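# Topology and contacts: notes
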Amino acid sequence: MKSLILIGSPRKHGNSGIVANELQEKLSAHKNNIDCEKIWVADLDIRPCTACGYCDKVGKCIIKDEMQPLYTKVEEADIITFISPIYFGSITAQLKTFIDRFQPFYASKFLLNNPKIKKGSNKNVSLITISGMDRDYFFRNAQEIINIFCMNLNVDLGPTLHLKNIDYASEITEKPDQLNKVSELAQLLIQ
Ligand SMILES: Cc1cc2nc3c(=O)[nH]c(=O)nc-3n(C[C@H](O)[C@H](O)[C@H](O)COP(=O)(O)O)c2cc1C
């Protein structure tokens, strides 16, 4: 089994990284030998979609940057987890740029009638958000974006988790109950 953890934070040694490590540890310890890869999306050269229309015709993105290998990784992964801090009530700009580049998947499904991921693929997509405050609507905004990503990829959104009141870098380590919730989510992903 393959698992992909997509981290939206640009802050190394921050809360998202710690959550990602916890998730990776729990998934890798599973008896099914899950091959778990973490990707810091903000570290990559991923240019914004230019709405050129190329993918509408061929179902592929014309921009040759570090996004290209990620298409294959997403197609091949059995478990995909987005981990993002809340920025201005949403996911980070870096993660949104990554998501917008999935327009070829939208085009393949809705315009070319040839979805890249067939219905019933059993791909498990999940979302963890981390926010300094405790407003639920921040999370709802983020969840809706990932929901739309899932719809375009022809998969359903699985378990989600919103970790609240976590602000300064590594604050989550002082809140073991919150990290326990990450372990519980890992269990749901491998059931
Ligand atoms: C640019 C920016 C915008 C933010 N916007 C919000 C926000 O709208 N709501 C909130 O609760 N926290 C907000 N925060 C706080 C982060 O969500 C919080 O610090 C989080 O723990 C960062 O995760 P990280 O350590 O993984 O980077 C913001 C932080 C930054 C840097």
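Everything below is about the structure shown above.
Below you will find a few notes about this structure. Model, not experiment: these values are computed from the prediction. (Residues numbered from 1 in each chain as written. Predicted model: local features only at pLDDT ≥ 70, side-chain atom pairs only at ≥ 80, totals over all residues.)

### Brief notes about the overall build of the chain
When helices and strands are counted, the chain shows seven helices and five strands. Radius of gyration (C-alpha) of the chain: 16 Å, near the 16 Å computed for a compact globule of 191 residues. Dimensions of the chain along its principal axes, counting C-alpha atoms only, are 50 × 40 × 25 Å. Burial statistics for the chain: of 191 residues in total, 36% are counted as buried. Partitioning the contacts of the chain with sequence separation of at least 6, the portion at a separation of at least 24 is 76%. (Helix = DSSP H or I, 4+ residues; strand = E, 2+ residues; numbered from the N terminus. Rg over C-alpha atoms; globule rule 2.2 N^0.38 Å. Buried ≥ 20, exposed ≤ 12 C-beta atoms within 10 Å, placed from the backbone. Contact = placed C-beta atoms within 7 Å.)

### Re the site of the ligand
In the vicinity of the ligand there are 18 residues, among which Gly 14, Ser 16, Pro 85, Ser 131 and Gly 132 approach most closely. Split by residue class, the shell around the ligand holds nine nonpolar, seven polar and two charged. (Near = placed C-beta within 6 Å. Nonpolar A, V, L, I, M, F, W, Y, C, P; charged D, E, K, R; others polar.)

### Some thoughts on unusual backbone geometry
Across residues other than glycine, the phi torsion is negative in most instances, and most of the peptide bonds are trans. Its identity as a non-glycine residue notwithstanding, Asn 154 has a phi of 75 degrees, on the positive side. By secondary structure assignment, the location of Asn 154 is in the loop between helix H6 (136-153) and strand E5 (157-163). You can call Asn 154 partly exposed: it has 17 C-beta atoms within 10 Å. With a phi close to 60 degrees, Asn 165 is a non-glycine residue in the positive phi region. In this structure, Asn 165 sits in the loop between E5 and helix H7 (176-190). Looking at Asn 165, the number of C-beta atoms within 10 Å reads 12, which means it is exposed.

### Points about the pairing of strand E3 (residues 79-85)
Burial analysis of E3 places seven of its seven residues in the buried class, the great majority of the element. Burial of the side chains of E3 extends over both faces: Ile 79, Thr 81, Ile 83 and Pro 85 are buried on one face and Ile 80, Phe 82 and Ser 84 on the other. Pairing of strand E1 (residues 2-7) with E3 involves five bridges; the strand directions are parallel. Paired with Ile 5 across the two strands is Thr 81, which belongs to E3. Across seven bridges, E3 lies against strand E4 (residues 124-130) in parallel orientation. When the sheet's bridge partners are listed, Ile 80 is paired in E4 with Val 125. (Pairing = 2+ DSSP bridges.)

Read these as spatial facts, not as claims about activity.
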